[in-house]
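A look at the structure
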Amino acid sequence: MTATATRPAGSSAPTPEPAPPAKRPRRNLTGYWLLLPGALWLAVFFVVPFYSLLATSLYDPGGSVLEGYDMSWAFGNYVTAIQEYWRPLVRSLWYGAVATAICLVLGYVLAYAIAFKAGRWKNLMLILVIAPFFTSFLVRTLSWKLLLRDDGFVVDTLQFLHVLGADGRLLATPVAVIAGLVYNFLPFMVLPLYASIDKIDPRLVEAAGDLYARPFVGFFKVTWPLSLPGVVSGTLLTFIPAVGDYINAQLLGSPGQRMIGNVIQNLFTDAGDYPVAGALSVMLMLLILVLVLVYVRRAGTEELL
Amino acid sequence: MSQVVEAPTAGAGDDRGTGGRTGGGLHLRSLTKEFASFTAVKSLDLDIPSGSFFALLGPSGCGKTTTLRMVAGLETPTSGTITLGERDITWEKPYRRPVNTVFQNYALFPHLDIFENVAFGLRRRKRSDVKPAVEQMLALVELESQARKKPAQLSGGQQQRVALARALINNPEVLLLDEPLGALDLKLRRSMQIEIKRIQTEVGLTFVHVTHDQEEAMTMADTVAVMNAGVIEQMGAPAELYENPRTTFVANFLGQSNLIEGTVAGREGDVVKVDMQGTVVSVPSARAHLETTAGHRAWVGIRPEKVLIAEVGEVIDAPGNSIPGGVISDVSFVGVSTQYLVRMPWGQELQVFEQNTGRRRLFRTGESVDVSWRPDYAFLLDHEQDASAGTDRSDLPS
Ligand SMILES: Nc1ncnc2c1ncn2[C@@H]1O[C@H](COP(=O)(O)OP(=O)(O)OP(=O)(O)O)[C@@H](O)[C@H]1O
Ligand SMILES: [Mg+2]
């Protein structure tokens, strides 16, 4: 029953966009027929599991996996979840935000370079961006664990440069977890950014120069606003899975860097506390939904072409 | 080849309160642009007097856009200099040049409304009186009611006017227009030509207008420069260029010409005598653009509307010899005129345009006619040049 619900809310794909608000033709039914497969898919694999997750979060906390749970509308589960786990929740949002910000800076520069400066290397560079997907997420994160290990060359170099103290380390620090998040989610930032920036007509930038805008001003008045759709989708595609991620914190962090995904996973699989795990999952989902709505509003993307 | 053009400079001294305008015009000196191994612009010399409407005319790919982009600072010249008045702007950054461009595809900012598009240049230079200035400019191009629309919501002609307003509002010393009318249909094109010309006369700025439409260049500009394969072939007032072309390219690209093979017989005072397929014709020496020593081979050029035809033996109103033996091979009745093709004894077909004054009947295909023209209208070109240069029919034997 709960098989599909064990995933933290963010990391399964379709959370934020259950059917985009497409302009449907009024009389013509073709649009509805085209919606049908997607709608069915979402009904079976999103609405039903979500309902069961919601139900789980309200089960009587007195039950257990072996004995089964009673449905007792136990809203107290949510209070327990917040009281006990607000720290990892806030930490997750914080790590997610920092990782997204770093991804945005790195990703924008990279996407801009690919779109405007790469010339005939464009396709090769795009393939390199998605190349990490050729191996599994887990393997890649494990190799970061090797990379950042205490006597690895990264730590040695940083110690040599006195960036790290003599017994300083990277593993089990927020730096390692955030670095892992940035690495793993960077392609999700780069691809939408690239798609947006590549569409910008370079003659518009020239026109800005012709109209007395220095390169820097031209960037902020023309390139940046025209790339906003990519910025918004890139940050969403990075932030949402990053907040719900638990692999990076588990492999690169210590209990001090526990994120909400780790807590939920732990409650489901080890502690067997389904109701509180469910409550946390639902809360995370609603929280992200609210943040995304506010963000999209503020970004004013509906005004963009 | 460097020619200084005396163009009418109606509003040249009109400073419009910007101050510091030298009124010295735009000067290009041996300007060259090479792309890898390809030379797009070859050692170009141009002098464009301030306040004039200058047209750069040439076929596709001859380097017009490249020239404008170098003036705007969007392309770096391989060698040569660009001066504006006394100031050398060859290496000046585009955003520092008092030059604005109306781009070939308009390049309006899609995320800004019409008002902000037009205000862009003023805002970058931190001008204080933006609102009234923009409103005044929108009124000039008759777009006041569209101020809050986005470019995508306007028609092609309206977008074109926004592009014009966006550049004009900066009151540049030189306004560059890169085929701004290319995308418009014929009727809109005509009215925009008149509009742009009106605005130019009104504001008195220097306009450099690039086009490959010879009619557009001739109707709008004070001075036309005909460009071909990276060099200026000839430059001057439209009528001068049309009436007295110096090269076969100009003769064919600007209107149409009959070019007939001949051999120079010698000079007699102000005229050059040419043996043209057995008939001796004369050409004023001011219109002979080659070495006029006897025996030199040449093209005798004559515009189709200058050729007169008559029934065999009839007197033609032109001094000198008439050329017998023509046979009408094609008649197209156009309405205002009739266009004939006349096959001459040496096998060439001459084009003849005759006004439909109604004073005389139309000729029919197969009729024999005599042909002549007034010597003052003929011109003489070097035989070294390709007689089909500048025609769309360069694939046919001349
Ligand atoms: N960036 C570039 N790299 C290489 N060659 C170029 C470049 N830009 C232009 N050219 C070449 O230079 C020549 C002149 O181009 P240009 O754009 O100036 O032509 P144009 O006269 O404006 O033609 P059109 O009327 O079609 O706009 C062309 O043959 C073109 O292929
Ligand atoms: Mg061009």
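Since we're looking at a predicted model, the values are computed, not measured.

Reading the values: rules and limits
Residues numbered from 1 in each chain as written. Chains lettered and ligands numbered in written order. Predicted model: local features only at pLDDT ≥ 70, side-chain atom pairs only at ≥ 80, totals over all residues. Heavy atoms only, no water. Helix = DSSP H or I, 4+ residues; strand = E, 2+ residues; numbered from the N terminus. Buried < 20%, exposed > 50% of the residue type's maximum accessible area, 1.4 Å probe, protein only. Contact = heavy atoms within 4.5 Å. Areas by Shrake-Rupley, 256 points an atom, 1.4 Å probe, with all protein chains shown as cover. Lys, Arg positive; Asp, Glu negative; His and termini not counted. Charge placed at Lys NZ, Arg CZ, Asp CG, Glu CD. Near = heavy atom within 4 Å. Polar contact = N/O pair within 3.5 Å; in protein donor to acceptor, adjacent residues only side chain to side chain. Core = buried A, V, L, I, M, F, W, Y, C linked by side-chain atoms within 4.5 Å. Pairing = 2+ DSSP bridges. Buried area = accessible area lost by both parts, 1.4 Å probe. Salt bridge = Lys/Arg side-chain N within 4 Å of Asp/Glu carboxyl O. Phe/Tyr/Trp six-rings, centres within 6.5 Å; stacked < 30°, edge-to-face > 60°. Patch = residues over 30% accessible without salt bridge, like charges linked within 9 Å, V, L, I, M, F, W, Y side chains within 5 Å. pLDDT = per-residue confidence, 0-100.

Some words on the overall build of chain B
Regarding its fold elements, chain B presents eight helices and 21 strands. Once the C-alpha set of chain B is aligned to its principal axes, its extents read approximately 75 × 45 × 40 Å. When each of the 398 residues of chain B is scored for burial, the buried share is 56%. Here the contacts in chain B between residues at least 6 apart in sequence split such that 67% fall between residues at least 24 apart. Looking at chain B as shown, the accessible area adds up to about 17300 Å², and 49% of this sits on carbon and sulfur atoms. In chain B, 41 positive and 49 negative side-chain charges are present, and the distance between their average locations comes to 8 Å.

Details of the site of ligand 1
All names here are of chain B. Around ligand 1 lies a shell of 13 residues, among which Ser60, Gly61, Lys64, Thr65 and Thr66 are the nearest. Contacts to ligand 1 include Gly61, whose backbone N or O atom sits 2.7 Å from an oxygen atom. A distance of 2.5 Å is found between an oxygen atom of ligand 1 and a side-chain nitrogen or oxygen belonging to Thr65. If ligand 1 stood free it would expose 630 Å²; the protein chains cover 62% of that surface. Looking at the shell around ligand 1, the element that brings in the most residues is helix α1 (residues 64-72), giving three residues.

Overview of the nonpolar core
All names here are of chain B. Val118, Val134, Leu168, Ile196, Phe207 and Val226 are the most contacted members of the largest nonpolar core, which has 48 residues in total. Considering every element that reaches this core, the biggest residue donor is helix α4 (residues 156-168), with six residues. Leaving out residues up to four positions away in the same chain, Val226 has contacts with Leu57, Val231, Ile232, Glu233, Gln234, Leu241, Phe249, Val250, Phe253 and Leu254. By size, the runner-up hydrophobic cluster in this structure holds 41 residues, among which are Leu46, Ile48, Phe54 and Ile89.

Digging into the sheet that holds strand β2 (residues 38-48) of chain B
Residues and elements named next belong to chain B. Pairing within the open sheet is antiparallel, and its four strands lie in the order β2-β1-β4-β5. Two strands in the sheet have a free side with no partner beyond their single neighbour: β2 and β5 (87-88). Sheet topology note: the strand β4 (residues 79-84)/β5 ladder contains two bridges and is antiparallel. In the strand pairing of β5, Thr83 is matched with Asp88.

Re the sheet that holds strand β14 (residues 288-289) of chain B
All names here are of chain B. On the basis of which strands lie adjacent, the open sheet formed by six strands has the order β13-β12-β11-β15-β21-β14 and mixed pairing. Of all strands in the sheet, those with a lone pairing partner are β13 (279-284) and β14, marking the two edges. Pairing analysis gives five bridges linking strand β11 (residues 258-268) to strand β12 (residues 271-276), with the strands arranged antiparallel. Bridging across to β12, Thr263 finds its partner in Asp275.

Things to note about the interface of chain A and chain B
Each side of the interface is counted separately: chain A has 20 residues, and chain B has 25 residues. Interface area, chain A with chain B, both sides summed: about 2100 Å², of which 63% is carbon and sulfur. Summed over the three residues of chain A that lose the most area to chain B, namely Asp210(A), Leu211(A) and Tyr212(A), the buried surface amounts to 38% of that side. Seen at the junction of chain A and chain B, the total is one salt bridge. The salt bridge involving Glu206(A) is made with Arg69(B); its shortest N-O contact spans 2.8 Å.

Some thoughts on the pattern of salt bridges
Residues and elements named next belong to chain B. Inspection of the entire model under this criterion finds 25 salt bridges over all chains. A salt bridge links Lys306 to Glu243, with the nearest nitrogen and oxygen atoms 3.0 Å apart. Of this pair, Lys306 sits in the loop between β15 (297-302) and β16 (308-311) while Glu243 sits in helix α7 (residues 238-243); the two residues are 63 residues apart in sequence, bridging distant segments of the chain. On the accessibility criterion, Lys306 (12% relative accessible area) is buried.

Side note on the packing of aromatic side chains
The full count for this structure, using the stated rule, is 19 aromatic pairs over all chains. Between Tyr108(A) and Trp224(A), the aromatic rings sit 5.4 Å apart at their centres with planes inclined by 40°, giving tilted as the arrangement. With a gap of 116 residues between them, Tyr108(A) in helix α2 (residues 76-117) and Trp224(A) in helix α8 (residues 215-244) connect regions that are remote in the sequence. Both rings, one in Tyr340(B) and one in Phe363(B), keep their centres 5.9 Å apart while their planes meet at 70°; by these two values the pair is edge-to-face. Of this pair, Tyr340(B) sits in strand β18 (residues 337-343) while Phe363(B) sits in the loop between β19 (349-355) and β20 (368-372); the two residues are 23 residues apart in sequence, bridging distant segments of the chain. Accessibility classification places Tyr340(B) together with Phe363(B) in one group, the buried group.

Structural notes on a nonpolar patch on the surface
Together, Leu29(A), Tyr32(A), Trp33(A), Leu35(A), Leu36(A) and Leu40(A) line one region of the surface with nonpolar side chains, adding up to about 630 Å² of accessible area. Topologically, Tyr32(A) is positioned in helix α1 (residues 30-57).

A few points about the pairing of strand β17 (residues 323-333) of chain B
Looking along a regular strand, one sees the side chains alternate between the two faces of the sheet. Residue and element names in this part refer to chain B. Pairing of β17 with β20 involves three bridges; the strand directions are antiparallel. Within the sheet, the bridge partner assigned to Gly326 lies in β20 and is Val369. Between β17 and β18, which follow one another and run antiparallel, lie three residues, and Gly335 among them has a positive phi close to 115°.

Observations concerning the confidence of the model for chain A
Here chain A averages 87 in pLDDT, and 89% of its residues register 70 or above. Predicted confidence for residues 1-17 of chain A stays below pLDDT 50, and this span has 23 contacts to residues more than four positions away or in other chains.

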